[in-house]
Amino acid sequence: MGNLLIDHYEAVAVILFGIGFMGLLLHKNLIKKIIGLNIMDTAIYLFLAAKGYIQGRLAPILVEGVTGVENYVNPIPSGLVLTGIVVSVSVTAFSLALVQRLYLKYRTLNLDEIMILAKKEKGADNH
Amino acid sequence: MPFVYNFPFFSIFLAMLAGIITPFLKNGKMAQRVSFVMIALVGAMSGILLFSLMQDGGASYTYMMGHFPAPWGNELRAGPLEALMALAFSLVMLLCLCGGLKDIFEDILPEKQKFYFIMINLLFSSLLALVYTNDVFTAYVFIEINTIAACAIVMAKDSGETIVATLRYLIMSLLGSGLFLIGIILLYGITGHLLMSDIQNQVVQLASTGRYAMPLTVVVGLIALGLSIKSALFPFHSWLPGAHGSATTASSSILSGLVLKGYIILLIKLFYRVFTIEVIRELHVNNILFFFGLAGMIAGSLRAMKETHIKRMVAYSSVAQIGYIYMGIGMGTGLGVVAACFHILAHAFTKPMLFATAGALSATRGHKKEFHDLKGSAYDNKLAGVGFTVGALSMVGMPLLAGFVSKLYFAMGSLDEPGRMWWTLLVLAASSVLNALYYIPAVIAIWTPVKKGADAPVQKVRPGLAFVFSVVLFLIANFALGVGFAPVIRVIESGLSLL
């Protein structure tokens, strides 16, 4: 338990991940689902950024006169965060485009209502 | 380094390149030709690579991207297993596209057809990357590319039903990739590496000293959970029947034959190359996969029995077949995983054939897909009827066909582990009976003659050249895997021993 108090960034990140995950899983509103997805991804980036930072060290950009490796933090976690952001932007854009299409077709953002409408439409096709 | 060792990189790059140039092509027909040439080239390269690796008595190697050494650079890894999977994936991809070619050009708007092929090319490159990568973060990036491309080929048939199915698929997939991402980030946190072989060294040390035991368990759980959601292991399969049942024929074939398998191959690679099978067994993660697999084998089949829609029935049968594969991985013995890998191939060569022939059969009845509409449809497209019958028998486990060999090896694998033998054999037998209980009535239905001039609009469809090519090759592959399985098993065994 003691670690939780010291690593509070990581603790917050994991809690946020849980909030985002449940949002994506359980919300009926499609836009809220996508917001949940973004909270989930952002939590992971917070976790990475917090893990990657070492107190007292510089960002990994060479400053004149300071050459030792021990003066800088490792650039890889930041690189992973950037890659992750690119991925989550594209996934979000794709989901939003899909949701927009569904809204134009069914005029609602509630997933349950959409499923009922889609089932009705399919039933109408068969008869 | 021999020149053939560049082939994994060339394959991934070629597939991406084809995806990039496709938007500039004139129409869907051109895009289709470019995709076909690319997939055939990748298949040929994988075949040559496999041959040369087996010539060297089963060799494997890691390939530095851009000659940057370990902690900075990215790496690929290829061995017999990877080359075999890449070869099988390219063959199946080509045959899936051929089998559903007519439906692609009928179901998708003409101006959007070339975009369908962009997605196919990207999907293919991400599958190859999942097979070949040696870096867990690269694996994550390509998982996301795979997700988007797979969702896009489902929604290509632009109807309300498919868009809803796509959205459900997308949500479940994103939950899976979120879990996978936090898993690898935690793993990076406790080991400090992203390349599989480096992580393995650290994991072995951590396991022997007992440090970070809890985080390691959580990591294995998160990664296994994430990948099993994405590969539709029971009880996370709720998205599969909708997505596979409503998409256009080629998309259904590709999704069930290839997309699910890409994630499973990655999971096997992670189990062997990152966590090592000893650690997995110690953490009992394989037991959980084993029981979910057994549950899926029964539950998927039971649900398929109730289904009256031909494509949804075949889709539910995929849930059962994925259960078989996870049962094999969950056995945690060498032979179990060999059987799982063989079943990946058997299923990849059978299920797309079932989807392609089901699509062709329903085309003879005005694209109706309920069984009572499909009565006697096999007489109007005999090749499709034969293909569906052979595919169904293979899934049931008829000797001389691919499905039989994997069942045989699953049963043999279970003998190594006396504690689980009865479970495995019992469920295997029960599941085979259940398979027969829904496939045989389906086969009987399509071969039941109906009186001409009944109310259903019957049209004789002359199968196109591409469709004939695809079904005939699928049939040959099924018999080849069912009769000449020994060399394939040998390749899988040597591939797994090198992992």
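Residues numbered from 1 in each chain as written. Chains lettered and ligands numbered in written order. Predicted model: local features only at pLDDT ≥ 70, side-chain atom pairs only at ≥ 80, totals over all residues. Heavy atoms only, no water.

## Focus on a nonpolar patch on the surface
Residues and elements named next belong to chain A. Among the surface-exposed residues, Val-12, Ile-15, Leu-16, Ile-19, Ile-31, Ile-35, Ile-39 and Leu-96 lie close enough to one another that they form a single nonpolar patch of about 630 Å² accessible area. Going through the elements one at a time, helix 2 (8–26) and helix 3 (30–52) are the ones with two or more residues in the nonpolar patch. Broken down by element, the residue count for the nonpolar patch peaks at 4 residues, all from helix 2. On the secondary structure map, Ile-31 appears in helix 3. (Patch = residues over 30% accessible without salt bridge, like charges linked within 9 Å, V, L, I, M, F, W, Y side chains within 5 Å. Areas by Shrake-Rupley, 256 points an atom, 1.4 Å probe, with all protein chains shown as cover. Salt bridge = Lys/Arg side-chain N within 4 Å of Asp/Glu carboxyl O. Helix = DSSP H or I, 4+ residues; strand = E, 2+ residues; numbered from the N terminus.)

## A word on the state of the cysteines
Working definition of a disulfide: a covalent bond connecting the sulfur atoms of two cysteines. All names here are of chain B. As enumerated under the stated definition, the model contains 0 disulfides over all chains in all. Left unpaired, Cys-96 is separated from the closest cysteine sulfur, that of Cys-98, by 9.5 Å. Cys-96 sits in the buried class, given a relative accessible area of 1%. Free of any disulfide, Cys-341 has its nearest neighbouring cysteine sulfur in Cys-96, separated by 19 Å. (Disulfide = S-S within 2.5 Å. Buried < 20%, exposed > 50% of the residue type's maximum accessible area, 1.4 Å probe, protein only.)

## Let's talk about the interface of chain A and chain B
On the chain B side, the residues contacting the 35 residues of chain A number 31 residues. Inspection of the chain A/chain B interface yields 1 salt bridge. Between Arg101(A) and Asp158(B) there is a salt bridge, with its nearest N and O atoms 2.6 Å apart. Secondary structure elements with two or more residues in the side of chain A that touches chain B: helix 2, helix 3, helix 4 (75–106) and helix 5 (111–126) of chain A. The biggest single contributor to the side of chain A that touches chain B is helix 4 of chain A, with 16 residues. Its residues placed into classes, the side of chain A that touches chain B shows 24 nonpolar, 5 polar and 6 charged. (Contact = heavy atoms within 4.5 Å. Nonpolar A, V, L, I, M, F, W, Y, C, P; charged D, E, K, R; others polar.)

## A word on helix 16 (residues 382–396) of chain B
All names here are of chain B. Helix length check: helix 16 (15 residues) gives 21 Å between terminal C-alpha atoms against 21 Å at 1.5 Å per residue, within 8%. All of the buried residues along helix 16 are Ala-384, Gly-385, Gly-387, Phe-388, Thr-389, Val-390, Gly-391, Ala-392, Ser-394, Met-395 and Val-396. Residues of helix 16 that are buried sit in contact with helix 14 (310–331), helix 15 (334–363), helix 17 (402–415), helix 18 (418–447) and helix 19 (465–483). Positive phi shows up at Gly-397, right after helix 16, with a value of about 110 degrees. (Expected span 1.5 Å × (residues − 1).)

## Some points on helix 2 (residues 28–55) of chain B
With 28 residues, helix 2 of chain B extends 40 Å from end C-alpha to end C-alpha; this agrees with the ideal 40 Å at 1.5 Å per step. One or two positions beyond helix 2 of chain B, positive phi appears at Gly57(B), with a value near 70 degrees.

## Section: the confidence of the model for chain B
Averaged over all residues, the pLDDT of chain B is 89; the fraction at 70 or higher stands at 98%. Confidence, expressed as mean pLDDT per element, reaches its minimum in chain B at helix 4 (residues 101–107) of chain B with 86 and its maximum at helix 1 (residues 7–21) of chain B with 94. (pLDDT = per-residue confidence, 0-100.)

## A look at the side chain of Ser46(B)
All names here are of chain B. By secondary structure assignment, the location of Ser-46 is in helix 2. Residue classification places Ser-46 among the buried positions, given a relative accessible area of 1%. In contact with Ser-46, not counting residues within four places along its chain, are Ala-83, Ala-86, Leu-87, Ser-90 and Tyr-132.

## Side note on the packing of aromatic side chains
All names here are of chain B. The tally for this structure, following the rule as stated, stands at 19 aromatic pairs over all chains. Ring geometry for Phe-7 against Phe-10: centres 6.2 Å apart, planes inclined by 40 degrees, an arrangement best described as tilted. A residue pair is termed a helical-turn pair when its members lie 3 or 4 positions apart in one helix, as Phe-7 and Phe-10 do in helix 1 at 3 residues. Phe-10 gets classed as partly exposed once you look at its relative accessible area, which sits at 28%. One aromatic cluster is present, built from ring pairs that chain together Phe-3, Phe-7, Phe-9, Phe-10, Phe-13 and Tyr-63. (Phe/Tyr/Trp six-rings, centres within 6.5 Å; stacked < 30°, edge-to-face > 60°.)

## Regarding the pairing of strand 1 (residues 61–64) of chain B
All names here are of chain B. Residues Tyr-61 and Tyr-63 line the buried face of strand 1, whereas the alternating positions Thr-62 and Met-64 sit on a face that is not buried. As defined by bridge partners, strand 1 adjoins strand 2 (residues 75–78) across 4 bridges and the pair is classed as antiparallel. The residue of strand 2 that forms the bridge with Met-64 is Glu-75. (Pairing = 2+ DSSP bridges.)

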